[in-house]
Amino acid sequence: MTDITTSLPDAQPERVRLPPSRGSRKTRMAAWLFVAPAFIAYAAFVLAPLCMSIYYSLLRWDGIGEAQFYGLSNYVTVLTDSDLLQIIGNAFQLVLYFTLIPVLLGLAVAAAIRSHMAGRFGTITRTVLFLPQVIPLVAAGIAWSWMFASTGLVNQTLKAIGLSSWARGWLGDFVWALPAVGIIGAWVLLGLCTMLLVTGITKIDPSLYEAARLDGARPWHEFRYITLPGLRQEIGVCITVTVIAALASFDIVYISTQGGPGITTTVPGLEIYRLAFAHRQVGLASALAIVLMVLVLISIAPVQWFTRDKK
Amino acid sequence: MKTASPNSLIARGLIIVLMIITLLPFLSMLSAALAPQGTYPNGLQWPSDPQWSNFVRAFEVARMDQLLLSSTLIVMGVVPLSVLIATMAGYGLAKLTSNKYKWLYLVFVFGLTLPFEAVITPLYYEVRALGLLNTRFAIILPLIGLYMPFSVYWMRAHFLNVPHDLTEAAQLDGATRWKEFWLVQVPLARPAIMSLTILLFLWTWNQFLLPVVLVQDPMQRTMAGALGAFQGQWGTDIPLLCAGSLLILAPTVALFLVFQRQFVAALMQGAVKG
Amino acid sequence: MSGLTLRSVRKNYGDVPVIKGVDLDIAHGEFVVFVGPSGCGKSTLLRMIAGLEDITSGEVSIGDRVVNEIEPRDRGVAMVFQSYALYPHMSVYDNVGFGLKLAGTPKAVRDAKIRDAAKVLQMEHLLDRRPAQLSGGQRQRVAIGRAIVREPDVFLFDEPLSNLDAALRGDMRMELARLHNDLGATMIYVTHDQIEAMTLADKIVVLDGGVVQQVGSPLELYNNPANLFVAGFIGSPKMNLLELTSRPEGNVSSAELSAGLALNRGALAGTSLTLGLRPHDLRVAPNGPLNGQVRLVERLGNETILRVSLADTTEITAVLPGQDEFAIGQTVAFDFKPSSALVFDENGRRLPSPG
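Keep in mind the model is a prediction, meaning the values are calculated, not measured.

The rules we used
- Residues numbered from 1 in each chain as written.
- Chains lettered and ligands numbered in written order.
- Predicted model: local features only at pLDDT ≥ 70, side-chain atom pairs only at ≥ 80, totals over all residues.
- Helix = DSSP H or I, 4+ residues; strand = E, 2+ residues; numbered from the N terminus.
- Buried ≥ 20, exposed ≤ 12 C-beta atoms within 10 Å, placed from the backbone.
- Contact = placed C-beta atoms within 7 Å.
- Axes fitted to C-alpha atoms, helices over the stretch in contact; angles between N-to-C directions.
- Parallel < 35°, antiparallel > 145°, perpendicular 65-115°, else oblique.
- Left-handed = near helix turned anticlockwise from the far one by under 90°.
- UniProt positions renumbered as here; feature names shortened; annotations may be inferred.
- Pairing = 2+ DSSP bridges.
- Core = buried A, V, L, I, M, F, W, Y, C linked by C-beta atoms within 7 Å.
- Domains from an automatic or database assignment.
- pLDDT = per-residue confidence, 0-100.
- Expected span 1.5 Å × (residues − 1).

Scanning chain A from terminus to terminus reveals 13 helices and two strands. The proportion of buried residues among the 311 residues of chain A is 48%. Across chain A, every contact between residues at least 6 apart in sequence was considered, and the portion connecting residues at least 24 apart equals 74%.

Structure, rendered in structure tokens:
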């Protein structure tokens, strides 16, 4: 017999289209047993505290004595008090530094290199650029406190190039402290973003660039119409990571400025800590905590929306 | 390697500048750490008489041996258990539940963007109620819970990619779910488990907020937490502070240099998936 | 000894029924092939027997035991997957022995069984390798070896050859037939390929749309298909199907065709019918009732396959013995033995053979 029909085109198993049914009672039982330990840990140390945070945020409580029900007054305070608004604003200013600098510099490097970093140079680059990711943020804070100190390297460099008048105690300066903190965060995140974007760009098919060049595209066009869309996901990742790092920052500020001078560098994370444990305003601290959580969520959501693979 | 086009020369230049910017703070700290005690050194200036003994003093002052022990104990308390229960949950969610239970997974994922600050206040009262304040357990137990969203998400993503046929083959071979998990799934998940272990190790070792709030005694803290206390105490003695800081960040940097490839892979995937 | 029985077995995914009531008896030692197009439910049915899918209603029994609620591992079945599903982290030896190890079989016994299976499948030299180091055919052998060592009552095969190339598929087909002979076990085999079904099966179950279309031996299905679907599915090349209208005056479509057919026309007057003619049953005859122009000639040496378009543009296929020369565009006419023609009513049901 001839073998003509042995290769029918429908070789896929038909079950792929349908969700595998795993409904049996024993399987469900096993599922719960496997998930339970993680869920208990998560419930005990995340979900429960989160619920308590929401509860505390409705109280006026010093953490020791009787608590009074306070309604939404704490939230009203968070959203109207000028100091607290400035503190929230500080976090969003930090986003500019934490996010823009690493992403823009990373894009510049990626667009320029547009190929895999192979060999020894690649290894050294990766190692060096990842160093800030490996060390504690606290250590980054200390290192840069020293960089920004009056006798530190920043001022030393300024003096060396004849800009002595610019030299100052950066972290104690009402105008410059916040940008200085922003630079610290940018330094920490720069390597990670650069490597993510460089790795991302190697996944773009090089023939796209060749085709574009044949179509008469200028370098700017290549960047705008091939590189940027091709890196959409990686850019999304960088923005997500850096925005969370900025809004939820604590370590760097705590170490480098303690929120000062005044409250020019105070961020919500630090203020929650102060309010709850120094000023004993547990309710207000919790309201700020919930607001911070919501702010992170609504800042991240559009990024995720725009950079997801559209199906 | 490709021949260097002008573009890649610019790129190399840019990268070298970035590397210098990355390294300068470390070099500046090193130069300050070698300056004579009690002096105010300059930003970056190789001292005429490098005081390597500053490191010895910092080691003693910071009680580095105790800190290493404390951090190691905390890591040992957090990482293996977190990885184990997250792997179990990832397997359970990816392989044993139908779409009806997607909500359970979404509950875990909800925690992915949660700033630790959002729960630190109630955690303080919870840990105090448990009588664990100022012990290492005050850091260990909450961290396990706080790591679950990422860890479960990570392991589930891995298990989703394991062909379902393997699970079914194991079922037909007579494996219980528990045996299938240990004999088939865990060996196959080794790379994912390795990366998760590295990430959790780094995050635990470098954890700052929890020790600052929950543990007073620096000797019961993580390295990062202890560094905070060290700065508070010796912040004005720049050479000592810099020497201490370098010592404190040395262990992770050393591990990183040894396992460079694995660390880089873990950090990149960790960012992408997180 | 273990046969297998299905009683009104149904399966729904949510509201979508995929198996719509299957009854089937499989005797011990039978080689049964489930065949049908993609999506017909054949794999689902197999997986329900294995215990990998729930049974929405009905009963599956293996031997004299109802197994609906029994875990896959306790059903006494072994399965060979289309993807082979070998454990990538284990050597071939450990893959084959995994089930025995789980069952707590003593090491010496285990070793003997693994080596026996390896000998049967001629893969003793592969035992130390990992699955990634094996070719597709070798992986297939390992997957079969893993099933053999467990000495199951029922072997289940889910499209086991569809990832292999054509030549290897032929070899493995023969090997499976030999294996069935040697082991004498019950085997259920799922495929979309009717040639595998014809060559391997004692009994073929043709499925379409979640319903059993016909059960029978390969030749029964070939010679006496119960309906249009089976007629079109079994046999290669496919049966020619020609639309006809039975007219009251006794003609079927055309005077020429009716010459060969003596239909019970009284009852069928005015209905549309389908005439089925196997390509191998067509004979060149200068005045035959079917004539048209040659569109395509395939010369296979032992036979010649013609694609011919008739006057009303329907195309038919004819397989002629030998190497006769035909030119494209040439006119050719065929006839056939009336007894070889099959007739189906407007619902696709087979009517008693004419002639």
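Turning to the overall build of chain C, a few remarks are in order. Across its full length, chain C holds 10 helices and 19 strands. Judged by the C-alpha coordinates and their principal axes, chain C covers about 80 × 45 × 35 Å. The buried share of chain C, taken over its 355 residues, is 41%.

Another aspect to go through is the packing of helix H8 (residues 206–214) of chain A against helix H9 (residues 219–230) of chain A. When two helices pack together, you describe them by how their axes are tilted relative to each other and by the distance separating the axes. Residue and element names in this part refer to chain A. One can describe the packing of H8 onto H9 by two numbers: an axis separation of 11 Å at closest approach and a directional angle of 135°. With respect to H9, the axis of H8 lies oblique. Our pair here, H8 against H9, has a crossing hand that is right-handed. Together, Leu208, Tyr209 and Ala212 of H8 and His221, Glu222 and Ile226 of H9 make up the contact between the two elements.

Next up on the list: the UniProt feature "domain: ABC transporter" (unreviewed entry) in chain C. Within this numbering scheme, the UniProt entry marks residues 4–234 of chain C as carrying the feature "domain: ABC transporter" (unreviewed entry). Structurally, residues 4–234 of chain C comprises 37% helix and 26% strand, and the distance from its first C-alpha atom to its last is 25 Å.

Right, let's talk about the sheet that holds strand S2 (residues 16–26) of chain C for a bit. Across a sheet, paired strands are connected by hydrogen bonds in the backbone, their directions being either parallel or antiparallel. All names here are of chain C. The strand order across the open sheet built from four strands is S2-S1-S4-S5, with neighbouring strands paired in antiparallel fashion. The sheet terminates laterally at S2 and strand S5 (65–66), the two strands that pair on one side only. Two elements, strand S1 (residues 4–13) and S2, share eight bridges in a ladder whose sense is antiparallel. Across the sheet, residue Leu6 finds its bridge partner in S2, namely Leu24.

Grouped together as the largest cluster of nonpolar side chains are 187 residues, with contacts concentrated most on Ala38, Ala140 and Leu288 of chain A together with Ala89 of chain B. Take this core: its biggest share by element is 17 residues, from helix H7 (residues 177–202) of chain A. Composition of this core by domain shows at least three residues from each of domain 1 (6–51) and domain 2 (64–237 + 249–273) of chain B. With 98 residues, the next largest nonpolar core counts Leu52, Ala85, Phe233 and Val332 of chain C among its residues.

With that out of the way, let us pick up the sheet that holds strand S16 (residues 315–321) of chain C. Residues and elements named next belong to chain C. Strands sit in the order S13-S17-S14-S15-S16 across an open sheet of five strands; the sheet is antiparallel. Strand pairing shows two members of the sheet lacking a second neighbour, strand S13 (283–284) and S16, which therefore form its edges. The sheet contact formed by strand S14 (residues 290–299) and strand S15 (residues 303–310) spans seven bridges and is antiparallel. The residue bridging Val294 from the neighbouring strand is Val308, located in S15.

Residue and element names in this part refer to chain C. Turn length for the S14-S15 hairpin, with the two strands adjacent in sequence and antiparallel, is three residues, and the turn residue Gly301 shows positive phi of about 95°. Relative to S16, S15 is paired through seven bridges, and the arrangement is antiparallel. The partner of Val308 across the bridge, within S16, is Ile316. Linking S15 back to S16 in an antiparallel pair, the connection comprises four residues, with Thr313 at a positive phi of about 70°.

Turning our attention to the confidence of the model for chain C. Low pLDDT marks regions whose predicted coordinates should not be analysed in detail. Residues and elements named next belong to chain C. For chain C, the mean per-residue pLDDT works out to 86, and 91% of the residues sit at or above 70. With pLDDT under 50 throughout, residues 249–256 is counted as low confidence; its partners more than four residues away or in other chains account for 12 contacts. Low pLDDT, under 50, characterises residues 262–266; the predicted model gives this stretch nine contacts beyond four residues in sequence or across chains. We note a pTM of 0.85 for the whole complex and an ipTM of 0.88 for its interfaces.

This next bit is on the interface of chain B and chain A. Listed as interface residues are 83 residues of chain B and, on the opposing side, 85 residues of chain A. Top element by residues in the side of chain B that touches chain A is helix H1 (residues 6–33) of chain B. It accounts for 16 residues.

A separate point is the environment of Leu114 of chain B. If you trace the backbone, Leu114 of chain B turns up in the loop between helix H4 (102–110) and helix H5 (117–129). Sequence separation between Leu114 of chain B and Thr204 of chain B is 90 residues, and the spatial gap between their C-alpha atoms is 17 Å. If we skip the residues at most four places from it in the chain, Leu114 of chain B touches Val46 and Met293 of chain A.

As a further point, take the packing of helix H5 (residues 137–148) of chain A against helix H12 (residues 238–258) of chain B. One way to put it is that H5 of chain A packs onto H12 of chain B with a least axis distance of 10 Å and a crossing angle of 150°. One way to sum up the angle between H5 of chain A and H12 of chain B is to call them roughly antiparallel. The crossing of H5 of chain A and H12 of chain B is left-handed. Residues Ala139, Ile142, Ala143 and Trp146 of chain A of H5 of chain A touch H12 of chain B, and the partners they reach there are Ile238, Leu241, Cys242, Ser245, Ile248 and Leu249 of chain B.

Here we come to helix H13 (residues 282–307) of chain A. Counting along an α-helix, one turn takes 3.6 residues, and residues three or four places apart therefore face a common direction. Compared with an ideal rise of 1.5 Å per residue, which puts 26 residues at 38 Å, H13 of chain A spans 38 Å between its outermost C-alpha atoms and is within 8% of the ideal. Taken together, the buried positions of H13 of chain A are occupied by Val282, Gly283, Leu284, Ala285, Ser286, Ala287, Leu288, Ala289, Val291, Leu292, Met293 and Val296 of chain A.

Cis geometry marks the peptide bond from Ser236 of chain C to Pro237 of chain C, where omega comes out at -5°. As for its position among the elements, Pro237 of chain C is in the loop between helix H8 (228–233) and strand S11 (240–245). Positive phi, close to 50°, is recorded for Arg63 of chain B, a residue that is not glycine. With respect to the secondary-structure elements, Arg63 of chain B resides in the loop between helix H2 (53–61) and helix H3 (64–96). What makes Arg63 of chain B partly exposed here is the crowd of 15 C-beta atoms within 10 Å. Of note, Ser8 of chain C is a non-glycine position whose phi angle comes to about 35°, a positive value.

Right, let's get into the confidence of the model for chain A. When pLDDT is averaged along chain A, the result is 83, and 90% of the positions lie at 70 or above. In the model, residues 1–22 of chain A has pLDDT below 50 throughout and makes 44 contacts with residues more than four positions away in sequence or in other chains.

What follows concerns the environment of Val35 of chain C. As for its placement among the helices and strands, Val35 of chain C is situated in strand S3 (residues 31–35). For the pair Val35 of chain C and Ile234 of chain C, spaced 199 residues apart in sequence, the C-alpha separation works out to 9.5 Å.

This next bit is on the environment of Leu231 of chain A. Assignment of secondary structure puts Leu231 of chain A in the loop between H9 and helix H10 (232–247). In this structure the C-alpha to C-alpha distance between Leu231 of chain A and Ile204 of chain A, which are 27 residues apart in sequence, comes to 8.2 Å.

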